[in-house]
Amino acid sequence: CGGGGSSSTSTTTATETYTVVDPYIKNATFFWDKDSDGIQDSGEPTSTQSDSNGVFNFGSTIPPVNSKIVMKDKGEHNGISYTGQLSATVTDSGVISPLTTFQYLYPDINISARLTDLGLPISNDYIDKNPLDNKNDNHIIASISIDNFLKIQQFSNVVMAEDTLTDIIAVVKSLISYDASDANI
């Protein structure tokens, strides 16, 4: 399910496999954005397609920790085309999700603190974890209406346009419809 298979030969080497979760997305591909410009350039490798558990890899190429990975082909979930855009800064967990995308887009924002302000107490330790992994005991991550959380694109416009954190939080609250009863845990 989750990342795994991490290399033990170097502390700067990430996992060999990755998992795309919103929930699991099948047939998505990613590219290693070596220059962090969000555009796939010559020499920036493309991953395999993700399988039904969201798992993919870059073959014999292993992007190091802190590399950027960006979604190239969006894939599908349960036969429905995926419309979000996911990315991540590589960690040893190998998870690509809406939360890792938020972290990728806004590296200077304390995501855990912002989510806690919204009534979603998620520890920084869980930001890059697979919310669908049975070993994950912070089920509130999985209970967020993730499709609504993917309004990150709109949120990025708000972050650039608003002056205060209070204004940003107010807009995020209007974008996120959180209802724990909707959770499929």
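Residues numbered from 1 in each chain as written. Predicted model: local features only at pLDDT ≥ 70, side-chain atom pairs only at ≥ 80, totals over all residues. Heavy atoms only, no water.

A. Up close: the side chain of T101. Among the secondary structure elements, T101 is positioned in helix α1 (residues 98-105). A distance of 3.0 Å separates the side chain of T101 from the backbone nitrogen of S87, its partner in a polar contact. Side-chain polar atoms of T101 contact the backbone oxygen of S97, separated by 2.8 Å. (Helix = DSSP H or I, 4+ residues; strand = E, 2+ residues; numbered from the N terminus. Polar contact = N/O pair within 3.5 Å; in protein donor to acceptor, adjacent residues only side chain to side chain.)

B. Geometry of the sheet that holds strand β3 (residues 55-57). Taken in spatial order, the three strands make up an open sheet running β3-β1-β8, and their pairing is mixed. Both outer strands of the open sheet, β3 and β8 (95-96), are each paired with one neighbouring strand and no more. (Pairing = 2+ DSSP bridges.)

C. Examining the packing of aromatic side chains more closely. Within this structure, the stated rule accounts for five aromatic pairs. Relative to F58, the ring of Y18 has its centre 5.7 Å away and its plane inclined at 85°; by these criteria the two rings are edge-to-face. With Y18 in strand β1 (residues 17-20) and F58 in the loop between β3 and β4 (68-73), this residue pair connects regions lying 40 residues apart in the sequence. Here the two residues Y18 and F58 agree in accessibility, since each one is buried. In this structure an aromatic cluster arises from ring pairing among Y18, F30, F56 and F58. (Phe/Tyr/Trp six-rings, centres within 6.5 Å; stacked < 30°, edge-to-face > 60°. Buried < 20%, exposed > 50% of the residue type's maximum accessible area, 1.4 Å probe, protein only.)

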